[in-house]
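Listed below are the residues making up each chain.
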Amino acid sequence: MRISEQAKHETRSRILTTAAELFCTKGFEESTTREIALTAGLAAGTMFNYFPSKETLAMTMVTEALRQGTEDFRRRRTNEEQLAEELFMFIASGLRLLQPMRPFLGPVLERSLSPFPRKSTCPEGDATRQEHLAVVQEIINHHGFTEPPDHVAMTIYWSLYLGILACWTNDPSPNQEESRAMIDYSLQVFVQMITGGDAEKGAANDC
Amino acid sequence: MTAELGTETKLTRLEALRRALPKEPAMDPTGQRLAQLVDRIAEQRVPVNGLIRLWTLGSLQARVTAGYFAYWLRSRFVDADERQRLKSEAHLAAAVKLFGTMGYLRGAVMKIGQLLANLPEVAPEEFSEVLAALHFEAPPMHFAMVRELFLDEFGKEPEELFASFDRQAFAAASLGQVHRARLHSGEEVAVKIQYPGIARTIRSDMRNLRLMLQPLCLTRDWQNTTDKLADIEQMLLMETDYEAEAGYYTQARQLFTAADQVVVPQVYREYCSKRVLTTEFLAGCHLDEFLAGKPSQVERNRFTDLLTVATFRVYYRLHWFMADPHPGNFIFMADGRLGLIDFGCTRVMTDEEWQLSSAAEQAFLQGDEARLNMITAKACLFNGPEDIEPDRLKTVREGVDWQLEPWRQEGLFDFGDREFFRRGIDCIVAMAKKRYTCGAPLYIWTNRFTLGGRAFCYRLQGQCDFRKIHQQESLAASAAASIS
């Protein structure tokens, strides 16, 4: 019997919801794929048809949240923002959607987004990184920096972003407000760098 | 904003600041060493308030703060021998360097700077004037940050919550900034928004401050200094609680009727949280703009009168005083009314403090010198006048007498009298130089309140019937208390 697309979609959603609950209650490391499958009412083998690994499962959640965050960012953008401010809004919009996953985000990011060489890469993690950097590039272009920033600039951005995520997942302050101040600071540093260290240039080049 | 100033203006201001830096007759008669120290700090480009953007724009302010700080620290060891002085200089250099890393958010730096300036080792009048001119120069946080804060606090964007909301802040508060907005019901409001993480920054700054002061302050006054720092920390943290401030606004507003011509803005509670405070917007101007319009003496006196009524009423009815009476907190309204804004730095007196202050007032009014000496000694943390050195008692009493001087005069008292104002500053400088600053923490705030209020009226060149207003307000408060 063929499974309808709708049924597939429902099963996929159920797996993601179940996994998110388990990751939050038991932690990412302690939750097994078998347990996720059983709790979602599936055979372990069936679940692998949907998600080949626990990392893929978690990274899918992150990717979907960040995609929604990008949509929110585009909706909220007024085109009056300066470069650093717009980057801030982009990152903050994503973090707001990642908020429910904060308890288990640390190990997921470490495994899937780490810049260090790994034996096996996580394709979802790489795709998420590419999508994120494409939006950053778009924002920079939008502010009149038509020369594509070189890979060094993007690598530095990505390092800052991962640092932000690492800090944010462990930030005990209310609403992670300390991380928010740090994001602003990091982005000022980044904008200073890509504008040649001239603090005013980021604003001056705004469209 | 500082960044928008032309190079020439910047240089002029820096020069004005250098000239105004305090001089130390024994160690640094020209003030040059202190100026160099301040310059060195400025050159380091350390992120004094964490955000490079803010550091760049607010660097002049940071220099002023650092200048005060260096001066204040240096004054601690002015009488030491040469060896001790050299050792202390090394500590001073380390402390000032460390100071550059403090307060990664601007609010704490500004606040601590202003408070250090108002610790009893006060700076000269000219220096205070430079600082006053810099009060509104801190740049705003960008609007994307404001929007995130609103989502956290209210679950809505500012544009959803209000009918309109200005992207740009119109004023910088020390711990945040103020935006204009309009409610859906049509009222114009001022929305004060706190910078994220400021409370934690204050705690960490104060911890660092205590640590860096320790090697410099192993004197008998050290315990008193730490008590004062604890009081300062408590007040700063109170200032981060906008819900508490909303409560102060509401209580103060109830004290004034339309006939009083003093306005405390209405608070809109449904638009308030711990980090957002929404109040009625009062249209008007601040002191500098008012003075630029060359007001008549009648107008100057009117506002001096209203300010005196307002402060006495709050003091006698609620046993509070506004411990941060800087010019930005008063609005000269076009229709002649005086607006009071910013109740963040409100010092509520304990019953014990109130009784001691009332006793001092009674002793003064009755001309009971012996009792006034007893109260002065107790305020300096001595058991009585027999325990206090005669010169300390005399010096402190001169300061107290200056504070009480306007009470003595029937008719108009001229707060614009330069000689009177200078004499007050001289009294406090004398106390600082002789290191007679040991006292209950309350007096940091009462000194700040009195000096701030008098500096304001001095710049206003205002006169009022101080004695009569005092009698009216204290009697009315007693009558109100007996009824309740």
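None of these values were measured; they are calculated from a predicted model.

(A) Quick peek at the packing of helix α16 (residues 369-379) of chain B against helix α17 (residues 390-408) of chain B. Residues and elements named next belong to chain B. In the contact formed by α16 and α17, the axes pass within 10 Å of each other and the chain directions differ by 105 degrees. Our classification of the angle between α16 and α17 gives roughly perpendicular. On α17, the residues that touch Glu369, Leu372, Asn373 and Thr376 of α16 are Leu393, Val396, Arg397 and Val400. Of the residues in the contact of α16 with α17, the class split is four nonpolar, two polar and two charged.

(B) Quick peek at the pattern of salt bridges. Under the criterion given, the structure shown has 39 salt bridges over all chains. We note a salt bridge from Glu138(A) to Arg77(A), for which the minimum N-O separation is 3.5 Å. Taken together, the residues Glu138(A) in helix α7 (residues 123-142) and Arg77(A) in the loop between α4 (54-76) and α5 (83-98) connect sequence positions 61 residues apart. As a salt-bridge pair, Arg423(B) and Glu405(B) come within 2.9 Å of each other at their nearest N and O atoms. Of this pair, Arg423(B) sits in helix α18 (residues 418-433) while Glu405(B) sits in helix α17, and the two are 18 residues apart along the sequence. In the salt-bridge network here, residues are joined through shared partners; they are Arg76(A), Glu81(A), Arg96(A), Arg180(A), Arg147(B), Glu148(B), Asp152(B) and Glu157(B).

(C) Representation of the pairing of strand β3 (residues 176-182) of chain B in the model. All names here are of chain B. Among the seven residues in β3, five count as buried, and that is most of the element. Relative to β3, strand β1 (residues 164-165) is paired through two bridges, and the arrangement is antiparallel. Residue pairing across strands places serine 164 opposite arginine 182, the latter belonging to β3. Relative to β3, strand β2 (residues 171-173) runs antiparallel, the two being bridged by three bridges. Following the sheet pairing, alanine 172 is matched in β3 by glutamine 177. With seven bridges joining them, β3 and strand β4 (residues 188-194) adopt antiparallel strand pairing. Looking at β4, one finds that arginine 180 is bridged to alanine 190.

(D) The arrangement of the environment of Ala40(A) in detail. Residue and element names in this part refer to chain A. Checked against the element boundaries, alanine 40 lands in the loop between α2 (33-39) and α3 (44-50). Once the C-alpha coordinates of alanine 40 and arginine 12 are considered, the two residues, 28 residues apart in sequence, prove to be 9.7 Å apart. Apart from residues no more than four positions distant in its own chain, alanine 40 is found in contact with Arg14, Ile15 and Thr18.

(E) The UniProt feature "domain: HTH tetR-type" (unreviewed entry) in chain A, seen in detail. In the numbering used here, UniProt assigns the "domain: HTH tetR-type" (unreviewed entry) feature to residues 9-69 of chain A. Across residues 9-69 of chain A, helical content stands at 79% and strand content at 0%; the span's end C-alpha atoms are separated by 21 Å.

(F) Quick peek at the nonpolar core. By size, the foremost hydrophobic cluster in this structure holds 77 residues, and its most contacted members are Leu98(A), Tyr157(A) and Phe162(B). A total of ten residues in this core trace back to one element, the largest contributor, which is α5(A). Excluding residues that lie within four positions of it along the chain, Phe162(B) makes contacts with Phe150(B), Ala181(B), Arg182(B), Leu183(B), His184(B), Val189(B), Val191(B), Tyr271(B) and Thr278(B). Residues Val314(B), Phe364(B), Ile425(B) and Ile428(B) belong to the second largest nonpolar core, which totals 73 residues.

Here is what the cut-offs are and how they apply
Residues numbered from 1 in each chain as written. Chains lettered and ligands numbered in written order. Predicted model: local features only at pLDDT ≥ 70, side-chain atom pairs only at ≥ 80, totals over all residues. Heavy atoms only, no water. Axes fitted to C-alpha atoms, helices over the stretch in contact; angles between N-to-C directions. Helix = DSSP H or I, 4+ residues; strand = E, 2+ residues; numbered from the N terminus. Parallel < 35°, antiparallel > 145°, perpendicular 65-115°, else oblique. Contact = heavy atoms within 4.5 Å. Nonpolar A, V, L, I, M, F, W, Y, C, P; charged D, E, K, R; others polar. Salt bridge = Lys/Arg side-chain N within 4 Å of Asp/Glu carboxyl O. Buried < 20%, exposed > 50% of the residue type's maximum accessible area, 1.4 Å probe, protein only. Pairing = 2+ DSSP bridges. UniProt positions renumbered as here; feature names shortened; annotations may be inferred. Core = buried A, V, L, I, M, F, W, Y, C linked by side-chain atoms within 4.5 Å.

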